[in-house]
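Structural characterization, general
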Amino acid sequence: MEVEAAKAIGAGIACLGMGGVGIGLGNMFGNYLAGALRNPSAADGQFGRLIFGFAVTEALGIFSLLVALLLLFT
Amino acid sequence: MANDPISQFNISKLLQLDVGGYDISFTNSSLFMVATVAASAAFLIFTTSGRGLIPTRLQSISEMLYEFVAGLLRDSAGSEGMKFFPIVFSLFTFILVANLLGMFPYFFTVTSHIIVTAALAFGVIGMVIVYGFYKNGLGFLKLFVPSGVPGVLIPVVVLIEVISFLSRPISLSVRLFANVLAGHITLKVFAGFVVSLSGLGLGGVIGAILPLAFAVALTGLEFLVAFLQAYVFAILTCMYINDAIHPSH
Amino acid sequence: MIHRCSVRLFRALFPVMVINMTENPQDQPKDEELAKRLERLKSNLEGPDSIAAEAEQDERTRADRARSKAGIAQAFRLSSEFIAGVVVGGGIGYAIDTFFETSPWGLIIFLLLGFAAAVLNVLRAAGMVAQSEMSLKTVQEHQKRTDKQDQNE
């Protein structure tokens with residue numbers, strides 16, 4: 001197999017990791033919204049923690065994006 | 001017009017012009033930019049020419065527009081920022097009128113090309129940088145050094161802040177461009193559904209009701225987006241101007 | 001208009017009276033009767049109150065609609081801010097790699113820095129960080145402050 005083709009396939013597979021992050025983020029925001037609808041007065045106070053969780057989760061997605069970019073561009 | 005969602009963004013030369021090897025032809029994009037400026041200027045001049053103490057309906061529209069942008073700028077940049085009012089007002093009306101003109105069938109949407117929005121955004125950021133250095137000197141660089149950060153972390157934080165600053169014109173231009181482009185493509189696709197379904201006979205005509213309803217609803221949404229994007233662009237411009245005036249926060 | 005004003009006024013006065021009654025029920029034996037009369041008055045007011053309630057609901061839906069509009073604007077902002085941060089960081093890293101031939105370190109470092117800048121952008125756009133302070137401490141302090149405010153309210 002050509003190296004270039006193998007790289008492109010690898011980059012595609014690496015991007016699958018972003019799907020998991022998508023699921024995780026959906027879970028997180030959905031649960032935040034569910035909690036916020038139960039107790040709206042406490043929702044604003046927890047927004048910072050939501051963003052913190054978003055950052056930590058999304059970091060993993062960025063890692064897989066990084067692997068994909070590295071495979072494609074180096 | 002072809003039944004192709006992209007063809008509405010084609011640029012066609014209306015007047016061939018070449019100056020010193022540069023192609024500065026008058027295109028349909030330029031035509032609609034001129035139309036936008038002419039329409040907004042004519043509206044404002046025409047409606048405020050009466051100068052009635054008790055405004056007519058049209059005059060109160062332009063007064064509301066003025067008050068809206070002035071309030072926006074005063075809230076985020078203070079009264080010191082009011083000297084930037086002309087440019088913020090021009091940007092807001094240009095984007096708003098360009099978006100609204102683009103909603104007419106067969107009209108070209110100026111803001112659906114990233115080069116136009118990027119020129120506007122880089123103009124704003126360039127103005128902010130130049131004015132920031134002119135007003136504060138090197139103190140403007142304090143913008144990149146937040147207060148209360150331990151010394152070891154400063155290089156990393158400064159790098160992050162610089163990237164954050166550089167991402168501003170990108171996000172400003174891409175947001176406007178992507179929203180307008182995506183909205184117009186979706187509209188065109190749904191309108192195309194209606195046409196191709198109703199060509200299939202009676203069942204197709206009945207089936208075409210749903211995409212037609214969607215297209216109508218999307219048109220409403222597009223008017224909302226046209227206003228919202230102009231609003232977001234204007235309010236972010238105000239915030240960046242505020243950064244130029246008070247870099248140390 | 002006058003009617004609505006009187007309803008508002010009555011509502012504003014109501015809790016005070018109720019509290020006074022519950023605080024010292026023994027001192028004034030007539031309070032029970034008074035409470036009954038107030039109850040009757042309240043139920044009488046409830047009927048024609050519907051106009052005011054409707055107006056209130058109208059106001060609320062209008063506020064809701066305005067808030068959802070602001071929500072759409074904020075959603076547009078947040079997503080594009082995040083993407084722009086990552087893209088700019090990766091772009092800078094790639095440019096550094098091609099100019100200085102440091103491949104792949106520029107891309108790695110600057111993509112991660114770009115990610116950090118993107119989160120900062122999002123926090124700033126959401127109004128969680130006072131314009132140029134980014135430590136987690138300030139976020140937590142801000143949270144504490146808002147929590148306290150919530151409790152006070």
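For the structure itself, consult the block above.
Report on the accompanying structure.

About the cut-offs
Residues numbered from 1 in each chain as written. Chains lettered and ligands numbered in written order. Predicted model: local features only at pLDDT ≥ 70, side-chain atom pairs only at ≥ 80, totals over all residues. Heavy atoms only, no water. Helix = DSSP H or I, 4+ residues; strand = E, 2+ residues; numbered from the N terminus. Buried < 20%, exposed > 50% of the residue type's maximum accessible area, 1.4 Å probe, protein only. Contact = heavy atoms within 4.5 Å. Areas by Shrake-Rupley, 256 points an atom, 1.4 Å probe, with all protein chains shown as cover. Patch = residues over 30% accessible without salt bridge, like charges linked within 9 Å, V, L, I, M, F, W, Y side chains within 5 Å. Salt bridge = Lys/Arg side-chain N within 4 Å of Asp/Glu carboxyl O. Buried area = accessible area lost by both parts, 1.4 Å probe. Polar contact = N/O pair within 3.5 Å; in protein donor to acceptor, adjacent residues only side chain to side chain. Core = buried A, V, L, I, M, F, W, Y, C linked by side-chain atoms within 4.5 Å. Axes fitted to C-alpha atoms, helices over the stretch in contact; angles between N-to-C directions. Parallel < 35°, antiparallel > 145°, perpendicular 65-115°, else oblique. Left-handed = near helix turned anticlockwise from the far one by under 90°.

Another point: the overall build of chain A. If you tally the helices and strands in chain A, you get 4 helices and 0 strands. Overall, chain A shows an N-to-C arrangement of helices and strands of α-α-α-α. With the principal axes as the frame, chain A shows a C-alpha extent of 60 × 15 × 10 Å. When each of the 74 residues of chain A is scored for burial, the buried share is 31%. Sequence separation of 24 or more characterises 74% of the internal contacts of chain A that already satisfy a separation of 6 or more. Summed over all atoms, the accessible surface of chain A reaches about 4500 Å², with 72% contributed by carbon and sulfur.

Below, the discussion takes up the overall build of chain C. When its secondary structure is counted, chain C shows 5 helices and 0 strands. Ordered by position from the N terminus, the helices and strands of chain C form the series α-α-α-α-α. Taking all 153 residues of chain C together, 29% fall into the buried category. Put simply, of all contacts in chain C between residues at least 6 apart along the chain, 53% involve residues at least 24 apart.

There is a patch of nonpolar side chains on the surface, built from Leu14, Leu15, Leu17, Val19, Tyr22, Ile24 and Leu31 of chain B and spanning about 680 Å² of accessible area. With respect to the helices, strands and loops of the structure, Ile24 of chain B is situated in the loop between strand E3 (22-23) and strand E4 (26-27).

This part is about the interface of chain C and chain B. It is common to report an interface's size as the accessible area lost on association of the parts. Taken together, the contact between chain C and chain B spans 24 residues of the former and 27 residues of the latter. In total, about 2300 Å² of surface goes out of reach between chain C and chain B, with carbon and sulfur atoms giving 70% of it. Linking chain C with chain B are 1 salt bridge, by the criterion used here. Salt-bridge contacts for Glu161 of chain B lead to Arg124 of chain C; the nearest nitrogen and oxygen are separated by 3.1 Å. Where chain C meets chain B, there are 4 residue pairs in polar contact (both at pLDDT 80 or more).

Let us look at the interface of chain A and chain C. Taken together, the contact pairs 19 residues of chain A with 21 residues of chain C. Here chain A and chain C share an interface that buries about 1700 Å² over both sides, 81% of which is from carbon and sulfur atoms. It is Ile51, Ile62 and Leu66 of chain A that lose the most area in chain A upon contact with chain C, and together they represent 26% of the buried surface on that side. Where chain A touches chain C, the interface holds 0 salt bridges.

For the rest of this paragraph, the subject is the nonpolar core. Ranked by internal contacts, the top residues of the largest apolar core, which has 41 residues, are Val88, Phe92, Ile95, Phe233 and Ile241 of chain B. Listed by contribution, the elements that provide at least two residues to this core are helix H2 (57-77), helix H3 (85-102), helix H4 (114-136), helix H5 (154-198) and helix H7 (209-245) of chain B. Tallying contributions element by element places H7 of chain B first for this core, with 11 residues. Those residues in contact with Phe233 of chain B, other than ones at most four positions away along the chain, are Leu91, Ile95, Leu120, Ala121, Val124, Leu172 and Leu176 of chain B. With 23 residues, the next largest nonpolar core counts Leu70 of chain A together with Ile108, Phe115 and Ala118 of chain C among its residues.

Another aspect to go through is the packing of helix H1 (residues 28-48) of chain B against H2 of chain B. Residue and element names in this part refer to chain B. Two numbers describe how H1 lies on H2: the axes approach to 8 Å, and their chain directions differ by 120°. It follows that H1 is oblique to H2 by the angle criterion. Viewed along their axes, H1 and H2 form a crossing whose handedness is left-handed. Between H1 and H2, the residues in contact are Phe43, Leu44, Phe46, Thr47 and Thr48 and Leu58, Gln59, Ile61, Ser62 and Leu65, respectively.

Attention shifts here to the pattern of salt bridges. Residue and element names in this part refer to chain B. Counting across every chain of the model gives 4 salt bridges over all chains. One salt bridge in this structure joins Lys135 and Glu80, with 3.1 Å as the shortest N-O distance. Of this pair, Lys135 sits in helix H4 while Glu80 sits in the loop between H2 and H3, and the two are 55 residues apart along the sequence. We classify Lys135 as partly exposed; its relative accessible area is 35%.

Moving on to unusual backbone geometry. Despite not being glycine, Tyr106 of chain B shows a phi value in the positive range, around 70°. Assignment of secondary structure puts Tyr106 of chain B in the loop between H3 and H4. Not every positive phi belongs to a glycine, and Glu101 of chain C is a case in point at roughly 55°. For Glu101 of chain C, the position within the fold is in the loop between helix H3 (50-100) and helix H4 (105-125). Take Glu101 of chain C: its relative accessible area is 69%, and that puts it in the exposed class.

Remember, this is a structural readout, not a statement about activity or role.
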